[in-house]
Amino acid sequence: MRYWLMKSEPSEVSIDDLASLPGQSIAWYGVRNYQARNFMRDQMRVGDMLFFYHSSCAEPGIAGIAVVDKPAYPDETQFESGGKYFDPKATRENPRWFNVDVRFVKKTPLIGISELRRHPELARMRILQKGNRLSITPVDPSEWDYINRALLS
């Protein structure tokens, strides 16, 4: 099993939105960064756990936990002409972008970026590195355990 941190703008999909959806599951659509795409396409597996992170909002931070519910498949938004995530170079025969489905596990108290930075045990966490803007990053098992044990229990 692998662990991940996946960012979503709450104005697009929040942890509360995920919890209220039928089946509490959604396609993680709209990723347009090759490294993040490759994480979903090549490394994520059903059952991998993730921190659901609210980004680009008043209070960014970990807002919940979810699980990968469906393996990678082509992101339909790349084919929607005129849509926000349309890619004119993508074809059904050769899709460029992929998503996985994630399912709600639980909402957590918000753990803001400043709180994460206060813990030396998390100093190597990718989200805390200067210049990191990836919407999907791996989380080391020791970081996953520490956050769950020290910050969420």
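Note: the structure precedes this text.
The notes below deal with the structure included here. (Residues numbered from 1 in each chain as written. Predicted model: local features only at pLDDT ≥ 70, side-chain atom pairs only at ≥ 80, totals over all residues. Heavy atoms only, no water.)

## Focus: the environment of Gln 78
Logical step 1: By the element assignment, Gln 78 lies in the loop between strand S4 (61–74) and strand S5 (98–112).
Logical step 2: Once the C-alpha coordinates of Gln 78 and Arg 2 are considered, the two residues, 76 residues apart in sequence, prove to be 27 Å apart.
Logical step 3: In this view, Gln 78 contacts Arg 32, Tyr 85, Phe 86, Asp 87, Ala 90, Pro 95, Arg 96 and Trp 97; residues no more than four positions away in its chain are not counted.
Logical step 4: A polar atom in the side chain of Gln 78 sits 2.8 Å from the backbone oxygen of Asp 75.
Logical step 5: Within the structure, the side chain of Gln 78 is placed 3.0 Å from the backbone nitrogen of Arg 96, a separation counted as a polar contact. (Helix = DSSP H or I, 4+ residues; strand = E, 2+ residues; numbered from the N terminus. Contact = heavy atoms within 4.5 Å. Polar contact = N/O pair within 3.5 Å; in protein donor to acceptor, adjacent residues only side chain to side chain.)

## Things to note about helix H2 (residues 34–43)
Note that an α-helix has 3.6 residues per turn; residues three or four places apart therefore point the same way.
Logical step 1: Looking only at H2, the buried set comprises Ala 36, Arg 37, Phe 39 and Met 40. All buried residues of H2 lie within an arc of 155° about the axis, which places them on one face of the element.
Logical step 2: Tucked inside the fold, the buried residues of H2 contact strand S1 (3–8), S4, S5 and strand S6 (136–139).
Logical step 3: Sitting at the head of H2, Asn 33 places a side-chain oxygen 2.9 Å from the backbone nitrogen of Gln 35. (Buried < 20%, exposed > 50% of the residue type's maximum accessible area, 1.4 Å probe, protein only. Arc of directions from axis to C-beta.)

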